[in-house]
Amino acid sequence: MDQPVAMAYETITVEPIAGALGAVIRGPDLSQPLEQQCFAEIHDAFLKHLVIFLEDQDLTPDQLLAFAKRFGPIVNYPFVKDMDGHPGITEIIKTENDTLNFGGLWHSDTTYLPKPPLGSMLYARELPPRGGDTLFANMYLAYETLSEGMKAMLAPLRAVSSASLRDKSEGGARSRIAAQTGRGQNVDQRDMAADHPVVRTHPETGRMALYINCAHSSHFVGMTQEESRPILQFLFEHMSRPEFTCRYRWKVDAVALWDNRCSHHYALNDYQGYRRLMHRVTIEGDTPV
């Protein structure tokens, strides 16, 4: 299926950063209420490019939340306490002394929930002098480039996502942040699991995308982990092919929004000895189909 044709933009400028996905949007001042046409154009660019970046945004926490709420209701991340006084904002911190980072593997967010988020918004507050980029990958392309035989095999399958799988693969980085913020220590990760279609149809674009990830997907429904592993491993490697990806070099006061329904992301951990602080907002999604 061809990519949707974007509208002719009048209030924003869109600069793609790679062939696969990703674009910088220039023009809007998110500290001010957005006119409906401007928001509609931003939303259109979001659906077309999967991840968008709005730079040089001097925002209060309330202004960040107000922009995020234009896309949908805000939901809490289950393992990390919200920012004091600002429910809905999670502080993602890596200190000078931490060796592990948060989100340091290919994934889409919280697929162990029955209704995974529509998307996540990240606002850069403090950055290392170098490093700390984020990679993104296009799951439409990952699906569309599979063979017809593989597509037919995957079509009826559902995969189980588990919250406990990710913290092991990250080396406990999520547990460290939960302990620092005082939230999540009493949550039993084994109880947080859900199964979703391996191939989901995007509710807004109608396009089909692979919907598994190495952070959370443990096995296919009706199969053992051992039986599932070879197929999952092939798909994990396929989904992160360089031609499906883009890389963003963060700037202080940049806002990113990615579509969790059709993209993956990977936070690089290449800035040891430096501090990095991001504000994250999670937007409510729906049940994948």
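Structure: above.
Here the residue index of a chain counts from 1 through its sequence in written order. At least 70 in pLDDT is required for a residue's local features to be given in this predicted model, at least 80 for side-chain atom pairs to be given and counted, and no such filter applies to totals for whole chains, interfaces and linings, which use all residues. As a rule here, side-chain values cover all heavy atoms of the structure and leave hydrogens and water aside.

Glancing now at the environment of Pro203. Secondary structure elements are defined from DSSP: runs of H or I of at least 4 residues count as helices, runs of E of at least 2 residues count as strands, and each element is numbered from the N terminus. Take Pro203: it is sitting in the loop between strand E11 (199–201) and strand E12 (208–210). Residues Pro203 and Gly285 lie 82 residues apart in sequence; the distance between their C-alpha atoms is 10.0 Å. Residue contacts are counted whenever heavy atoms from the two residues lie within 4.5 Å of one another. For Pro203, the residues in contact, after removing those within four places along its chain, are Arg261 and Asp286.

Once that is clear, we can look at the environment of Arg158. Within the element layout of this structure, Arg158 appears in strand E9 (residues 158–162). Sequence separation between Arg158 and Asp195 is 37 residues, and the spatial gap between their C-alpha atoms is 6.1 Å. Each residue touching Arg158, except ones within four places of it in the same chain, is listed here: Asp195, His196, Pro197, Val198, His219, Phe220 and Val221. We call two N or O atoms a polar contact when they sit within 3.5 Å, provided that within protein one can donate a hydrogen and the other can accept it, with sequence-adjacent residues counted only if both atoms are side-chain atoms. At 2.6 Å, the side chain of Arg158 and the side chain of Asp195 are in polar contact.

Attention now goes to the pairing of strand E6 (residues 86–94). DSSP bridges decide pairing: two strands pair if at least two such bridges lie between them. Sheet topology places strand E5 (residues 82–83) next to E6; 2 bridges connect them, and they run antiparallel. Looking at E6, one finds that Asp82 is bridged to Thr90. Here 6 bridges tie E6 to strand E17 (residues 276–283), and the two strands are oriented antiparallel to one another. Residue pairing across strands places Ile93 opposite Leu277, the latter belonging to E17.

Once that is clear, we can look at the nonpolar core. Take the buried residues of types Ala, Val, Leu, Ile, Met, Phe, Trp, Tyr and Cys, join any two whose side-chain atoms come within 4.5 Å, and each joined set is a nonpolar core. Only protein chains enter the calculation, and the probe is 1.4 Å; a residue is then buried if its accessible area is under 20% of its type maximum, exposed if over 50%, and partly exposed in between. Among the nonpolar cores identified, the biggest contains 50 residues, and Leu154, Val198 and Leu210 are the most heavily contacted of them. When residues of this core are assigned to their parent elements, the largest contribution, 5 residues, is made by helix H7 (residues 225–239). Not counting residues within four places of it along the chain, the set of residues in contact with Leu210 comprises Met139, Ala142, Tyr143, Leu146, Leu154, Val198, Val199, Leu235 and Met239. Ile25, Phe46, Leu65 and Ile283 belong to the second-largest nonpolar core, a separate cluster that totals 27 residues.

As a further point, take unusual backbone geometry. Most peptide bonds take the trans form, and the phi angle of most residues other than glycine is negative. Although it is not a glycine, Asp56 adopts a positive phi angle of roughly 60°. Its relative accessible area of 66% is what places Asp56 among the exposed residues.

This part is about the side chain of Ser228. Relative to the assigned elements, Ser228 resides in helix H7. For Ser228, the side chain forms a polar contact with the main-chain nitrogen of Phe220, separated by 3.0 Å. The contacts of Ser228, once residues within four sequence positions are left out, are His219, Phe220 and Met223.

Attention shifts here to the packing of aromatic side chains. Geometry of aromatic contacts follows a simple scheme: Phe, Tyr and Trp rings, the Trp one being its six-membered ring, pair when their centres are within 6.5 Å, and the pair is stacked under 30 degrees between planes, edge-to-face over 60, tilted otherwise. Inspection of the entire model under this criterion finds 11 aromatic pairs. Note on Phe53 and Tyr248: the rings are 3.9 Å apart at their centroids and 10° apart in plane angle, and the pair reads as stacked. Here the residue Phe53 occupies a position in strand E3 (residues 51–54), and Tyr248 occupies one in strand E14 (residues 245–248), the gap between them amounting to 195 residues. Put simply, the rings of Phe53, Phe136, Tyr248, Trp250 and Trp258 touch in pairs and so form one group of aromatic residues. The rule for a charge over a ring is simple: NZ of Lys or CZ of Arg within 6 Å of the ring centre, and within 35 degrees of the ring normal. Stacked on the ring of Tyr143, the Lys or Arg Lys151 has its end atom at 5.1 Å from the ring centre. A cation over an aromatic ring shows up here: Arg200 above the ring of Tyr211, its NZ or CZ 4.8 Å from the ring centre.

Bringing the sheet that holds strand E13 (residues 217–220) into the picture now. The 3 strands lie next to each other as E10-E9-E13, forming an open sheet whose pairing is antiparallel. One side of each edge strand has no neighbouring strand; the edge strands of this open sheet are strand E10 (193–197) and E13. Adjacent strand axes in the sheet meet at a mean angle of 30° when their direction is disregarded. Here 5 bridges tie E9 to E10, and the two strands are oriented antiparallel to one another. By the bridge assignment for E10, Ala159 is matched with His196. The angle between two axes is taken between their N-to-C directions and runs from 0 to 180 degrees, where each axis is a line fitted to C-alpha atoms and a helix contributes only its stretch in contact.

Let's shift gears to the pattern of salt bridges. A pair is scored as a salt bridge if a Lys or Arg side-chain nitrogen falls within 4 Å of a carboxyl oxygen belonging to Asp or Glu. Counted according to the given criterion, the structure contains 15 salt bridges. Among the ionic pairs, Lys81 bridges to Asp84, the shortest N-O distance being 3.7 Å. Where Arg207 meets Glu144, a salt bridge forms, and the shortest distance between an N and an O atom there is 2.9 Å. You can see Arg207 sitting in the loop between E11 and E12 and its partner Glu144 sitting in helix H3 (residues 139–144), a full 63 residues away along the chain. Salt bridges linked by common partners bring Glu15, Arg26, Glu55 and Lys251 together as one network.

Turning our attention to H7. In this model, H7 (15 residues) spans 20 Å end to end at C-alpha, consistent with the 21 Å of a helix rising 1.5 Å per residue. The sharpest bend along H7 reaches about 30° and sits at Ile231. Those residues of H7 that fall on the buried side of the exposure criterion are Ser228, Ile231, Leu232, Leu235, Phe236, His238 and Met239. For a helix, the expected span equals 1.5 Å multiplied by the number of residues minus one. To get the bend at a residue, fit one axis to the 7 residues ending there and another to the 7 starting there, then take the angle between the axes.

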